[in-house]
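Geometric and topological summary
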Amino acid sequence: MQIGQKIIRLDTVNSTNNYTANLVKEGKIVHGTVILADEQTAGRGQRGAIWLSNAGENMLFSVFLSPDNLSVKNQVALTHFTSLCLVEILRKIGISASIKWPNDIYVSDKKIAGILIENTISGDRIANSIIGIGLNVNQMNFENVSATSIQSEKSEFVSIESLLFMLLFEMNLLWEHLEKGDLELLRSKYLEKMYLLNQQATFEDQEGVFVGKITGISEAGLLKIEKEIGVKMYDLKEIKFISQNAF
Ligand code: BTN
């Protein structure tokens, strides 16, 4: 089935990822199903954070995907796939978005979209994945000042439905690469769109604050940063981005 061939539309839900997970538990969902909501009462972000969004103003959805043959060691391909789809559609509508590793979508130094991927593993394979996407579309005011939306960037109202269809089109294109095992292509496209790639910035690791340069990602998706002493690889919890301009 094509991604988005079946769309379940909800007015309000606690979290589209939770709703999808329940359908999975009940065995009532097929690959490619999209669960879209106007409002979430307990929207979830990465690392236990909450995802806030004004009702009806943004795109809030989860898509259920069952890869035919994706091994656990290649699960980062799902992050590459999703981030790329979002950046592609934003660029198509004239917004110069980029990917802040590992899967935040930024427009200069403001976040425009977030991704929450929850995988179910069976043996050494990814049995299925719930990919939750929150894309800021028409919301104009954010409690968190470092957030933006499509309308804030373009000064015009944008239809959530038309964006969803653009995104589903992109997902269907890139999903073919993932299913064919063309993971290197996804990885290189992801790298091309990475925020701050090869630019000096300020970071913090367990040794303290330092100026370094993101030089790429490892095969497993770790972030490579060039420090004075050489290139170091970091997992999400091991590195904090401090500021774009090195002091
Ligand atoms: C993040 O950047 O912290 C991830 C945010 C993910 C938010 C989306 S909104 C739709 C889906 N349902 C959720 O509860 N979370 C994701």
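Our subject is the structure that appears above.
Residues numbered from 1 in each chain as written. Predicted model: local features only at pLDDT ≥ 70, side-chain atom pairs only at ≥ 80, totals over all residues. Heavy atoms only, no water.

The subject of this paragraph is the packing of aromatic side chains. Taken as a whole and assessed by the stated rule, the structure comprises 5 aromatic pairs. A centroid spacing of 5.3 Å and a plane angle of 70° characterise the contact between phenylalanine 81 and tryptophan 175, whose relative ring orientation is edge-to-face. Note that phenylalanine 81 is positioned in helix H2 (residues 76-92) and tryptophan 175 in helix H4 (residues 160-180), a separation of 94 residues in sequence. For tryptophan 175, a relative accessible area of 6% corresponds to the buried category. When the ring of phenylalanine 203 is compared with that of phenylalanine 241, the centres are 5.9 Å apart and the planes differ by 65°; the resulting orientation is edge-to-face. Separated by 38 residues along the polypeptide, phenylalanine 203 in strand S8 (residues 200-205) and phenylalanine 241 in strand S12 (residues 240-243) bring together distant segments of the chain. (Phe/Tyr/Trp six-rings, centres within 6.5 Å; stacked < 30°, edge-to-face > 60°. Helix = DSSP H or I, 4+ residues; strand = E, 2+ residues; numbered from the N terminus. Buried < 20%, exposed > 50% of the residue type's maximum accessible area, 1.4 Å probe, protein only.)

Neighbouring residues of the ligand: 19 residues in total, closest Ser15, Gln40, Arg44, Gln46 and Lys111. Within the side chain of serine 15, one N or O atom sits 2.7 Å away from an oxygen atom of the ligand. With the chains in place, 98% of the 410 Å² that the ligand exposes on its own is no longer accessible. No other element matches strand S6 (residues 110-122), which puts 4 residues into the shell around the ligand. For the shell around the ligand, the class distribution of residues is 6 nonpolar, 10 polar and 3 charged. (Near = heavy atom within 4 Å. Polar contact = N/O pair within 3.5 Å; in protein donor to acceptor, adjacent residues only side chain to side chain. Areas by Shrake-Rupley, 256 points an atom, 1.4 Å probe, with all protein chains shown as cover. Nonpolar A, V, L, I, M, F, W, Y, C, P; charged D, E, K, R; others polar.)

Here histidine 80 shows up in helix H2. The exposure class assigned to histidine 80 is buried, which follows from its relative accessible area of 2%. Those residues in contact with histidine 80 that lie beyond four places of it in its chain are Leu186, Arg187, Tyr190 and Ile217. (Contact = heavy atoms within 4.5 Å.)

What follows deals with the sheet that holds strand S3 (residues 59-65). Strand order across the open sheet formed by 7 strands is S1-S2-S3-S7-S6-S5-S4, with mixed pairing between neighbours. Edge strands, defined here as strands with exactly one partner in the open sheet, are strand S1 (7-13) and strand S4 (97-100). Direction aside, neighbouring strands of the sheet carry axes that sit 20° apart on average. In this structure, S6 lies alongside strand S7 (residues 125-135), joined through 10 bridges in antiparallel fashion. Note that in S7 the partner of serine 122 across the bridge is arginine 125. (Pairing = 2+ DSSP bridges. Axes fitted to C-alpha atoms, helices over the stretch in contact; angles between N-to-C directions.)

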